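One-letter residues, chain by chain:
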4 protein chains.
Amino acid sequence: MTPSTPPEAIFSWPLRIYWEDTDAGGIVFYANYLKFFERGRTEWLRSLGIGQQHLRETTGGMFVVSETTVKYHRPARLDDELIVTAALREAGRASLTIAQTLRPKEFLPSGAPLTLCEGTIRIGWVDAASLKPARIPRQILETLGCSPQPEA
Amino acid sequence: MTPSTPPEAIFSWPLRIYWEDTDAGGIVFYANYLKFFERGRTEWLRSLGIGQQHLRETTGGMFVVSETTVKYHRPARLDDELIVTAALREAGRASLTIAQTLRPKEFLPSGAPLTLCEGTIRIGWVDAASLKPARIPRQILETLGCSPQPEA
Amino acid sequence: MTPSTPPEAIFSWPLRIYWEDTDAGGIVFYANYLKFFERGRTEWLRSLGIGQQHLRETTGGMFVVSETTVKYHRPARLDDELIVTAALREAGRASLTIAQTLRPKEFLPSGAPLTLCEGTIRIGWVDAASLKPARIPRQILETLGCSPQPEA
Amino acid sequence: MTPSTPPEAIFSWPLRIYWEDTDAGGIVFYANYLKFFERGRTEWLRSLGIGQQHLRETTGGMFVVSETTVKYHRPARLDDELIVTAALREAGRASLTIAQTLRPKEFLPSGAPLTLCEGTIRIGWVDAASLKPARIPRQILETLGCSPQPEA
C-alpha cells in the first residue's frame, strides 16, 4: 500500500551527540544510531498527535520493531549536531515500514547533504501483554493518511 | 539492623568490558559502572534464590534504587576482565543498603587488590503499579538472614 | 573556594524521555539519570564557550568523573519532558563539584517545583593519554569566574 | 571469497538479560540486540587470538560496522539466558561479513532451536585516526582461514 502522504513529507528532528553515545573508537557506537532512529520515529508520531504511552493505555497495544536494515556511511562524533529523519514508506494492516536517515545539521560548503547513516525500520503492532501481532488501530492509519489494505 | 550474614560474605561476579561500555575518552562511561553494580546485585539475589521477575509476578512489587554514592578511583578499559561485588550492609523494612565494588579479575603483582570503583546503593521495595514504598516481602528478608525491624 | 557566580546562576537544559531510557519496571533505568546529568554539564560548559572536544585537541586534557552522589525521589517515565540543571558548587585546581537536578518541565498545579532526582558530581581534569590528574586549564577556571586556589 | 572454515564452525557465547537491556515495553530494547551481537563478534575474535585493543595499538587500525540487517522474531526478556552466535560468511580485503543469531540457552521441549533474532553484520577495517578504509591485517585473514582476494 502506498501512503497518501507525498514523498517530500519527511519529518526532521535535531539531536546532539553526547559522551554516552560514543565508544573507545572515538565515534558513535553502532547500536546507538538505532536509538536516534527511534527518537525520530517517536517525534514523528508525536507530531501527528500519536502518543505511544497514551495509545498503550487506551488500546493495550504497542509497536515493536520486526526488522532493521542500516547502512553506516560516515561516523558521527562527540558534539556533532545532527538531523534524524523519518518518512513512511509502506503501511499494512499490522506493520509500518519507515525510511530513516541521519545527517549533519549544517550542510556542507558544497551545499550537498551528507548522509551519515540510513536505514529502513519495520515496526509491527502487537498486544502489549501477549506480544502477539494485531491490527494497527484505525486512528493511527487514518492519521498517517492510509486506507488499510491487506498485508502483502 | 545488622544482617546476620558475616562481613566476609561478599558476593562476586565476573564481567567483561565491551565496546558498548566505553566512551570517546577511551574508558568506561561513568554511568555504566551503575549497570555493572546492578548486574552484581541481581546475580547476588539470584544466588540466594531470589528472582526479581518471579517476585514481581507473585508479589506485585519490585526494588527501585533510591540513593547511590559512587567513588571512581581508576577507569576500566576495553577488554578488561573485572569482578563486581555486592554485600548487604543494612536491611530495613522497606529498603536495603548494599556495598559494591569493581576490581580487576587478576590481582596485581603485589598481590594487593585494586579497587576501580566502589559505591553504596540503597534500594527500596515498591508496589510495581503505584511505585509507592512497601514492606520488603518476608521471604526476601529471611533469605538475607534479617529479622525485620523498624526503619531507622 | 567559592565561585564568584551567584547561587541563582543555575543552568537549565530540556530533555525528553525515550524508550531507550526506560526499563522493564516501566520507569527510567537508574544509571540513565547520570546520562542526563552529563548532558546538562556538557551544555552548561558549552553555554560558557567551553567545548570539550576542542579542549582535548588543544590541551590534551579532559574531565573524568571522580565521585557521584545521587538521590532518586520520583521516577521519570516514557515521554516525560524534563529539565536538567547544573550549578557550580566548588572549584579547585584539579576538580570541580557540580550540583545537578532533574525536574519536570511543567510545574505542578500548586506551582511547586518537583525534584525527581538530584545529585552532586565531582569531575577532575586529567591528561587524556595517561589519565593522571592535572591542573584545570586557566581558561576554564576564568570562564567559570574562579580564581584558582589550592585544593582543600 | 569463501572462508575455508566449514559452515558448521559457529561460535557461541552465553549472555544474560539484565534490567539495563530492557525497556518500558517489558522486553529488550531493539538497539541492544546489536550490543549482544558485538559481544559475540568480540568473543569470537578473542577465541581466535585476535584482540582488538592489541591490534589497534600494533596496527593503528580497527573494525567499524558498515552495514547491518536484523530480523527480530521474538523478544527477549529480563533474566533470560541466551546464546549469541557468530559465523564468518564472507571475507574480503577490507571487510568481513558475519552471520549472527540470538537464541535461548535452553532448547524448547520439542528440541527445536528457537531463534529470537538474527542478523548479518558487515565490518570494515579502517585506520583508527583517519577512519579511512584499509586492508585487513594479514594476520587476521590468515587466522580466519582466508586467502585474501580482491573485494567483489
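Residues numbered from 1 in each chain as written. Chains lettered and ligands numbered in written order. Predicted model: local features only at pLDDT ≥ 70, side-chain atom pairs only at ≥ 80, totals over all residues. Heavy atoms only, no water.

### Comments concerning the overall build of chain A
- Counting secondary structure elements, chain A contains three helices and five strands.
- When the helices and strands of chain A are placed in sequence order, the string is β-α-α-β-β-β-β-α.
- Put simply, chain A has 152 residues, and 53% of those count as buried.
- Carbon and sulfur atoms make up 51% of the accessible area of chain A, which totals about 6700 Å². (Helix = DSSP H or I, 4+ residues; strand = E, 2+ residues; numbered from the N terminus. Buried < 20%, exposed > 50% of the residue type's maximum accessible area, 1.4 Å probe, protein only. Areas by Shrake-Rupley, 256 points an atom, 1.4 Å probe, with all protein chains shown as cover.)

### What to know about the interface of chain C and chain A
- Opposite the 17 residues of chain C that make contact, chain A presents 17 residues.
- Between chain C and chain A, a total of about 1900 Å² is buried, with carbon and sulfur atoms accounting for 45% of that surface.
- Its largest share of buried area at the contact with chain A, chain C owes to C:Tyr18, C:Trp19 and C:Glu20, together 33% of the area lost on that side.
- Linking chain C with chain A are six salt bridges.
- Between A:Arg39 and C:Glu20 there is a salt bridge, with its nearest N and O atoms 2.8 Å apart.
- Taken together, chain C and chain A are joined by eight residue pairs in polar contact (both at pLDDT 80 or more).
- Within the residue set of the side of chain C that touches chain A, elements represented by two or more residues are β1 (11-16), α1 (32-47) and α2 (52-59) of chain C.
- Residue contributions to the side of chain C that touches chain A peak at six residues, all from α1(C).
- Of the residues belonging to the side of chain C that touches chain A, the class tally is five nonpolar, three polar and nine charged. (Contact = heavy atoms within 4.5 Å. Buried area = accessible area lost by both parts, 1.4 Å probe. Salt bridge = Lys/Arg side-chain N within 4 Å of Asp/Glu carboxyl O. Polar contact = N/O pair within 3.5 Å; in protein donor to acceptor, adjacent residues only side chain to side chain. Nonpolar A, V, L, I, M, F, W, Y, C, P; charged D, E, K, R; others polar.)

### Some remarks on the packing of aromatic side chains
- For the structure shown, the criterion picks out 24 aromatic pairs over all chains.
- Judged by centre distance (6.2 Å) and plane angle (50°), the ring pair of B:Tyr30 and B:Tyr72 falls under tilted. Here the residue B:Tyr30 occupies a position in the loop between β1 (11-16) and α1 (32-47), and B:Tyr72 occupies one in strand β2 (residues 61-72), the gap between them amounting to 42 residues. For the residue pair B:Tyr30 and B:Tyr72, the accessibility class agrees, reading buried in each case.
- Ring centres of C:Phe63 and C:Trp125 lie 4.8 Å apart, and the angle between their planes is 85°; on these two criteria the pair is classed as edge-to-face. (Phe/Tyr/Trp six-rings, centres within 6.5 Å; stacked < 30°, edge-to-face > 60°.)

### Comments concerning the relation of the copies chain C and chain A
- The transformation that overlays chain C on chain A combines an axial shift of 0.0 Å with a rotation of 180°, and the residual RMSD is 0.0 Å. One copy is carried onto the other by what is essentially a two-fold rotation axis. Taking the C-alpha atom as reference, chain C places C:Leu15 closest to the rotation axis, 5.3 Å from it.
- Residue by residue, 100% of the interface of chain C is reproduced at the interface of chain A, so both copies engage with the same surface. (Least-squares fit on C-alpha atoms with pLDDT ≥ 70 in both.)

### As for the nonpolar core
- Membership of the largest hydrophobic core comes to 95 residues, with the highest contact counts inside it found for B:Leu96 and C:Leu96.
- The contacts of C:Leu96, once residues within four sequence positions are left out, are C:Phe63, C:Leu88, C:Glu90, C:Ala91, C:Ile121, C:Arg122, C:Ile123, C:Ile136, C:Leu141 and C:Leu144.
- Listed in part, the 94 residues of the second largest apolar core include A:Leu15, A:Trp125, D:Phe63 and D:Ile123. (Core = buried A, V, L, I, M, F, W, Y, C linked by side-chain atoms within 4.5 Å.)

### Some details on α1(C)
All names here are of chain C.
- In a regular helix each residue adds 1.5 Å, so 16 residues correspond to 22 Å; α1 covers 23 Å between its end C-alpha atoms and thus fits that length.
- Of all 16 residues in α1, 14 are buried, a share of seventy percent or more.
- Glycine 49, located one to two residues past α1, shows a positive phi value of around 90°. (Expected span 1.5 Å × (residues − 1).)

### Some remarks on the relation of the copies chain D and chain A
- With an axial shift of 0.0 Å and an RMSD of 0.0 Å, the rotation relating chain D to chain A amounts to 180°.
- Taken together, the interface assignments show that 100% of the residues at the interface of chain D recur at the interface of chain A, consistent with an identical surface on both copies.

### Notes on the pattern of salt bridges
- Under the definition given, this model contains 24 salt bridges over all chains.
- Between C:Arg16 and A:Glu43 there is a salt bridge whose closest N-O contact spans 3.9 Å. Remark: A:Glu43 occurs in helix α1 (residues 32-47) and C:Arg16 occurs in strand β1; the pair is interchain, linking two chains. The exposure classification of C:Arg16 matches that of A:Glu43, with both residues buried.
- Residues joined in a network through salt bridges with shared partners are A:Arg16, A:Asp79, A:Glu81, A:Lys105, C:Glu43 and C:Arg46.

### A look at the confidence of the model for chain A
- Put simply, chain A has an average pLDDT of 90, and 86% of its residues get 70 or more.
- Scored by ipTM, the complex comes to 0.90, with pTM at 0.92. (pLDDT = per-residue confidence, 0-100.)

### A few points about the sheet that holds strand β5 (residues 117-127) of chain B
- Across the sheet, which stays open at both edges, the ten strands sit in the order β1(B)-β3(B)-β4(B)-β5(B)-β2(B)-β2(C)-β5(C)-β4(C)-β3(C)-β1(C) with antiparallel pairing between neighbours. Of all the strands in the sheet, just β1 of chain B together with β1 of chain C have a single pairing partner and so form its edges. Sheet twist, expressed as the mean angle between neighbouring strand axes with direction ignored, is 30°.
- In terms of strand pairing, β1(B) meets strand β3 (residues 81-91) of chain B through six bridges, oriented antiparallel. (Pairing = 2+ DSSP bridges. Axes fitted to C-alpha atoms, helices over the stretch in contact; angles between N-to-C directions.)

### What about the environment of C:Val65?
- Considering the arrangement of structural elements, one finds C:Val65 in strand β2 (residues 61-72).
- Taking the relative accessible area as the measure of exposure, C:Val65 reaches 14% and is therefore buried.
- As for C:Val65 and C:Glu38, which are separated by 27 residues in sequence, their C-alpha atoms are 9.8 Å apart.
- Apart from the residues lying within four places of it in its own chain, the contact partners of C:Val65 are B:Tyr30, B:Tyr72, C:Arg41, C:Ile121, C:Arg122 and C:Ile123.

### Thoughts on the side chain of B:Glu38
- Its location among the elements puts B:Glu38 in helix α1.
- Although B:Glu38 is buried, it makes no salt bridge; B:Arg41 carries the closest opposite charge, 5.4 Å away.
- Among the polar contacts listed, one links the side chain of B:Glu38 to the side chain of B:Thr42, at a separation of 2.5 Å.
- Apart from the residues within four sequence positions on either side, B:Glu38 is in contact with B:Gln52, C:Phe29, C:Tyr30, D:Tyr18 and D:Trp19. (Lys, Arg positive; Asp, Glu negative; His and termini not counted.)

### Topic: the interface of chain D and chain A
- Of the residues lining the interface, 26 residues belong to chain D; the matching set on chain A comes to 26 residues.
- Regarding the contact of chain D and chain A, the summed buried area is about 2100 Å², with carbon and sulfur atoms giving 61% of it.
- At the junction of chain D and chain A, the tally comes to zero salt bridges.
- Linking chain D with chain A are ten residue pairs in polar contact (both at pLDDT 80 or more).
- The set of elements that each furnish at least two residues to the side of chain D that touches chain A consists of α1 (32-47) and β2 (61-72) of chain D.
- Examining the composition of the side of chain D that touches chain A, we find that ten residues originate from one element, β2(D), more than from any other.
- Broken down by class, the residue content of the side of chain D that touches chain A amounts to 15 nonpolar, four polar and seven charged.
- Here strand β2 (residues 61-72) of chain A runs beside β2(D); their pairing, made up of five bridges, is antiparallel. Note that in β2(D) the partner of A:Glu67 across the bridge is D:Lys71.

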